[in-house]
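Read off the chains here:
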Amino acid sequence: MKYMVILYGNQELWDSVTPDEWQAAVAAQDAFNEKYFATGELLGAYGIADPKVVRVRDGQKTVTDGPYLETKEYLASVAMLEVDSEERALEIAADNPFAALRQVEVWPVLHGGEG
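The structure contained in this document is the topic of the report that follows. (Residues numbered from 1 in each chain as written. Predicted model: local features only at pLDDT ≥ 70, side-chain atom pairs only at ≥ 80, totals over all residues. Heavy atoms only, no water.)

### Some remarks on the pattern of salt bridges
Then comes step 1: A full pass over the atoms with the stated rule returns four salt bridges.
Then comes step 2: K35 serves as the salt-bridge partner of D95, at 3.1 Å between the closest nitrogen and oxygen. You can see D95 sitting in helix α3 (residues 86-95) and its partner K35 sitting in helix α2 (residues 19-39), a full 60 residues away along the chain.
Then comes step 3: By relative accessible area, D95 is classed as partly exposed at 33%.
Then comes step 4: For K35, a relative accessible area of 44% puts it in the partly exposed group.
Then comes step 5: One salt bridge in this structure joins K52 and D65, with 2.5 Å as the shortest N-O distance. Remark: D65 occurs in strand β4 (residues 60-65) and K52 occurs in strand β3 (residues 52-57); sequence separation between them is 13 residues.
Then comes step 6: Residue classification places K52 among the exposed positions, given a relative accessible area of 55%.
Then comes step 7: Taking relative accessible area as the criterion, D65 reaches 43% and is therefore assigned partly exposed. (Salt bridge = Lys/Arg side-chain N within 4 Å of Asp/Glu carboxyl O. Helix = DSSP H or I, 4+ residues; strand = E, 2+ residues; numbered from the N terminus. Buried < 20%, exposed > 50% of the residue type's maximum accessible area, 1.4 Å probe, protein only.)

In C-alpha cells form, the structure reads like this:
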C-alpha cells in the first residue's frame, strides 16, 4: 500500500531556526531519507517551493503565481511511501525529524497512474 506523507511549514518557523539548527535539521532529514530509501519503503521525498496555478478556459492557458491561501501554514514537503500496513506508514512518519516541530499527515493513496 502506498501512502503520501505531507509536512507543512511557515515563514515564522523557518525564521525561528538558526543557520546551525537548519543545517542539523537538513542533515537529520537526509539521514531519515537514506534510512528509508535503503529499506525500499521511501519511494521519493521532495521539498516544495512556491507554486504556479494553470487554468485553461475557452482553450486559453493562463499561468499565475499562487495559490494564495488564507492560511498560516503551507505545503513544505511531500514523500511517497510503499509499506505493508498503515501502522508501518505511521511509524515512519513518527520517525521523521520534522515531526518534532510540526504535524505530519499520512494519506493513503488509493490508486496511481504508473505506467
